[in-house]
Amino acid sequence: MANEQAGPATGLRALRPDDWDKWYANLSRAFGGIPEGDEERELWNSFTEFDRSLGVWDGDECVGTAGAFSFRLTVPGGDSVPAAGVTMVSVAATHRRRGVLRSMMRRQLDDVRSWGEPLAVLTASEPAIYGRFGYGAAAFQMNAEIDTRRTSLSVPPGTDDVRLRYAVPADVLDACEAVYARLVPGRPGMLARRPGWERLGTVDPAGGRDGASPLQCVVAERGGETVGYARFRVKPHYGPAGHDGSVVLSDLAALDPAADGALWRFLFGVDLTSTLVARGRPVDEAWQYMVSDIRRCRPEVRDSLYLRLVEVGSALRARTYQTPVDVVFEVEDVFCPWNAGRWRLSGDAKGASCERTQDTADLALSVRELGAAYLGGVSLAALAAAGRVRELRRGALAEASLAFGSAGVAPWLPHGF
Ligand SMILES: CC(=O)SCCNC(=O)CCNC(=O)[C@H](O)C(C)(C)COP(=O)(O)OP(=O)(O)OC[C@H]1O[C@@H](n2cnc3c(N)ncnc32)[C@H](O)[C@@H]1OP(=O)(O)O
């Protein structure tokens, strides 16, 4: 790989295994410098894909880091598409705002393109950073702090047939992972986990508990089969009115409404607690429609997954469209100019073609808006209302907005990376 200059005396190169300690130390410091436990550190070391990671060096000092996990991401229609999971991005504060990040983003997107991966995805420490590199906010998450003493839950039929039992998280990891794997094709934004990544769900450093218990796990079973699980911590609190601790949900997955209802009913009812804290949940998750009082759940929606089309043609071909669509996009892409220009997308629920064209454009937008709309969670019409998509042929906006939808399932990223 060529050595690029990113400001005076800095050099950018692929990460070497021997450099990992310094590389990771730069990353850790950029996020506040509090050391992680050995288990977590070992986990991220095992996840690091060295030939897909970059370091920027000033002499023998690491001043910039970035990685790109080789993920597969569910797209509308249920296919799983190669996506670079951009991660571990940091620049030493001594070297900030001199273009070190920009140099890594440049090299990384060139690399991702050369690997033939049509998408790049990330979660942003600050939303203002990545739009300039063509990433749009494509999936959102729900956070809630539920007052479980003043909110009741009305569960779906069949909930009473589900058996719940406590289990040691590590002992039921394979069964839980099998549940997760069955859910992956059903929701855009979900990641097919690579071997080893299931450990992310059970890593439990004492320093990360904030006064709560170690991770607890309840599995939902029906007829001897695992149909769901919840992993959570309990944070005891004794206040003026007695016990009013919290349940802090870490992860929940269920194969059907009854299993889902059983798990949420359990979480609502843990003795000596009065609050259920649920973060990073799908924005359309069923519990919201089971509760008696959504206002007492204090729901809050937040940006979650940012997506970039690395190759516009192959990315738009890789998903399906919920209604027939035939539109010409005029795409602006300053950072990856190979995408710029006109593309004709023709598709429906079975498949799509997307090729370069000289035909007149129907819709004009930047690659960032295409990224935001790609998973079906942000409508092109809404982006047009904000002035970020221009309709050049009457009717094209409604046609494309409808087609890009994700069949009533909101996209969701199940875990950070
Ligand atoms: C996917 C992930 O891993 S997200 C994690 C990102 N990392 C962090 O937040 C850790 C702490 N912060 C940092 O390490 C650094 O400040 C970084 C990585 C955010 C920025 O690195 P820098 O080398 O300073 O960025 P660089 O100088 O290349 O800036 C490129 C552009 O982004 C802008 N920019 C950089 N950081 C920010 C920010 N936090 N907010 C808004 N704009 C920013 C710059 O102003 C510049 O703008 P321009 O295009 O108008 O010139």
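As the structure is a prediction and not an experimental result, all values here were calculated from the model. (Residues numbered from 1 in each chain as written. Predicted model: local features only at pLDDT ≥ 70, side-chain atom pairs only at ≥ 80, totals over all residues.)

Draft legend 1. Region of interest: the UniProt feature "binding site: acetyl-CoA" (unreviewed entry) in the protein. Mapped onto this numbering, the UniProt entry annotates "binding site: acetyl-CoA" (unreviewed entry) at V89, S90, V91, R97, R98, G99, V100, L101, R102, S125 and E126. Within the secondary structure layout, V89 lies in strand β5 (residues 80-91). Residue contacts for V89: discarding those within four places in its chain leaves T65, A66 and L101. Following the sequence through the fold, R98 ends up in the loop between β5 and α3 (100-114). Judged by the 15 C-beta atoms lying within 10 Å of it, R98 falls in the partly exposed class. (UniProt positions renumbered as here; feature names shortened; annotations may be inferred. Helix = DSSP H or I, 4+ residues; strand = E, 2+ residues; numbered from the N terminus. Contact = placed C-beta atoms within 7 Å. Buried ≥ 20, exposed ≤ 12 C-beta atoms within 10 Å, placed from the backbone.)

Draft legend 2. Quick peek at the site of the ligand. Taken together, 22 residues lie around the ligand, and V89, V91, R96, L101 and S125 are the ones closest in. Mapped onto the shell around the ligand, the elements with two or more residues apiece are β5 and α3. It is β5 that provides the largest number of residues to the shell around the ligand, a total of six residues. Grouping the constituent residues of the shell around the ligand by class yields twelve nonpolar, four polar and six charged. (Near = placed C-beta within 6 Å. Nonpolar A, V, L, I, M, F, W, Y, C, P; charged D, E, K, R; others polar.)

Draft legend 3. View of unusual backbone geometry. With phi around 55°, R97 is a residue other than glycine that occupies positive phi space. A residue is classified by how many C-beta atoms lie within 10 Å of it, and R97, with 10 of them, is exposed. Of note in the backbone geometry, A407 takes a positive phi value of approximately 50° without being a glycine. With 13 C-beta atoms packed within 10 Å, A407 lands in the partly exposed category.

Draft legend 4. Examining the nonpolar core more closely. Core analysis: the largest hydrophobic core is formed by 79 residues, its most contacted members being V121 and A138. When residues are assigned to domains, this core turns out to be shared by domain 1 (4-117) and domain 3 (312-404), each giving three or more. Apart from residues no more than four positions distant in its own chain, V121 is found in contact with L73, A83, G85, V86, L305, Y306 and L307. Formed by 37 residues, the second largest nonpolar core is a distinct cluster that contains V172, V227, A254 and L276. (Core = buried A, V, L, I, M, F, W, Y, C linked by C-beta atoms within 7 Å. Domains from an automatic or database assignment.)

Draft legend 5. Spatial organisation of the UniProt feature "active site" (unreviewed entry) in the protein. In this numbering, the UniProt entry assigns the feature "active site" (unreviewed entry) to Y130 and F417. Among the secondary structure elements, Y130 is positioned in the loop between β6 (119-122) and β7 (136-147). Exposure remark for Y130: the 24 C-beta atoms within 10 Å place this residue in the buried category. Here F417 is to be found in the segment after α10 (396-404). Ignoring sequence-local partners within four residues, the contact set of F417 consists of F69, G85 and T87.

Draft legend 6. Quick look at the domain arrangement of the protein. Examined at the domain level, the protein breaks down into domain 1 (4-117), domain 2 (153-290) and domain 3 (312-404). Averaged C-alpha coordinates put domain 1 and domain 2 at centres separated by 31 Å. Secondary structure elements with two or more residues in the side of domain 1 that touches domain 2: α2 (38-47) and β4 (61-74).

Draft legend 7. Structural view of the pairing of β4. Counting buried positions over the 14 residues of β4 gives eleven, a clear majority of the element. Examined bridge by bridge, strand β3 (residues 54-58) and β4 share five bridges and lie antiparallel to one another. Bridging across to β4, G55 finds its partner in T65. Across ten bridges, β4 lies against β5 in antiparallel orientation. Pairing of T74 across the sheet is with S80, part of β5. Relative to strand β9 (residues 191-192), β4 runs antiparallel, the two being bridged by two bridges. (Pairing = 2+ DSSP bridges.)

Draft legend 8. Here's a closer look at the confidence of the model for the protein. Mean pLDDT over the protein works out to 96, with 98% of the residues at or above the 70 mark. Confidence drops under pLDDT 50 across residues 1-8; counting only partners more than four residues distant or on other chains, this segment forms 17 contacts. Prediction confidence for the complex, expressed as pTM and ipTM, is 0.96 and 0.99 respectively. (pLDDT = per-residue confidence, 0-100.)

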